[in-house]
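Examination of the molecular architecture
Spelled out from the first residue to the last, the chains are:
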Amino acid sequence: MSVDAATIRRIARLARIALPEADVPAMQDEINAILGFVEQLGEVNVEGVEPMTSVTPMALKMREDVVTAGGEADRVTRNAPQSEDHYFLVPKVVE
């Protein structure tokens, strides 16, 4: 897969990147090289390889799932700039 100059201009516009016309060919070459590398990755045999989230084996730290009665409203709203009756007060943003 390769991209043309019009696609490069569209990508730059969508990404809100100012791309001078003189830089379009260089960017086109770079993106085509990246896409070529991604195509090479598709040729790698990954049969039998399990998906992983990290290069080193990890286990998430788990905590006991305990049901509580709550009663933490004072603590939760303690650092709020403004609160009333255990609710956060925020400025109105929708008319």
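An account of the accompanying structure is given in this report. (Residues numbered from 1 in each chain as written. Predicted model: local features only at pLDDT ≥ 70, side-chain atom pairs only at ≥ 80, totals over all residues. Heavy atoms only, no water.)

**Some remarks on the overall build of the protein**
Summing up its helical and strand segments, the protein has three helices and two strands in all. A globule of 95 residues ought to have a C-alpha radius of gyration of about 12 Å, yet the protein, at 26 Å, is considerably larger. Considered along the principal axes of its C-alpha atoms, the protein spans approximately 60 × 50 × 20 Å. The buried share among the 95 residues of the protein stands at 6%. Long-range contacts, defined as pairs at least 24 residues apart, comprise 29% of the intrachain contacts of the protein with a sequence gap of at least 6. Per element, the accessible surface of the protein, about 9,400 Å² overall, is 57% carbon and sulfur. The distance from the centre of the 9 positive side-chain charges to the centre of the 16 negative ones in the protein is 8 Å. (Helix = DSSP H or I, 4+ residues; strand = E, 2+ residues; numbered from the N terminus. Rg over C-alpha atoms; globule rule 2.2 N^0.38 Å. Buried < 20%, exposed > 50% of the residue type's maximum accessible area, 1.4 Å probe, protein only. Contact = heavy atoms within 4.5 Å. Areas by Shrake-Rupley, 256 points an atom, 1.4 Å probe, with all protein chains shown as cover. Lys, Arg positive; Asp, Glu negative; His and termini not counted. Charge placed at Lys NZ, Arg CZ, Asp CG, Glu CD.)

**Quick word on a nonpolar patch on the surface**
Residues I34, F37, V38, L41, V44, V46 and V49 make up a contiguous nonpolar surface patch of about 680 Å² in total accessible area. For V44, the position within the fold is in the loop between helix 2 (24-41) and helix 3 (73-77). On the accessibility criterion, V44 (49% relative accessible area) is partly exposed. (Patch = residues over 30% accessible without salt bridge, like charges linked within 9 Å, V, L, I, M, F, W, Y side chains within 5 Å. Salt bridge = Lys/Arg side-chain N within 4 Å of Asp/Glu carboxyl O.)

**Thoughts on the pattern of salt bridges**
Following the criterion strictly, the structure yields two salt bridges and no others. Note that E21 is salt-bridged to R9, the shortest N-O span being 2.7 Å. In this pair, E21 sits in the loop between helix 1 (5-14) and helix 2 while R9 sits in helix 1, placing the two residues 12 residues apart along the sequence. Residue class for R9 comes out partly exposed when judged on its relative accessible area of 37%. Between E72 and R75 there is a salt bridge, with its nearest N and O atoms 2.5 Å apart. Taking the relative accessible area as the measure of exposure, E72 reaches 37% and is therefore partly exposed.

**A short note on the environment of N45**
Take N45: it is sitting in the loop between helix 2 and helix 3. Remark: the alpha-carbon pair of N45 and L19, spanning 26 residues in sequence, is separated by 38 Å.

Honestly, that's just the spatial picture; any functional story needs more than this.
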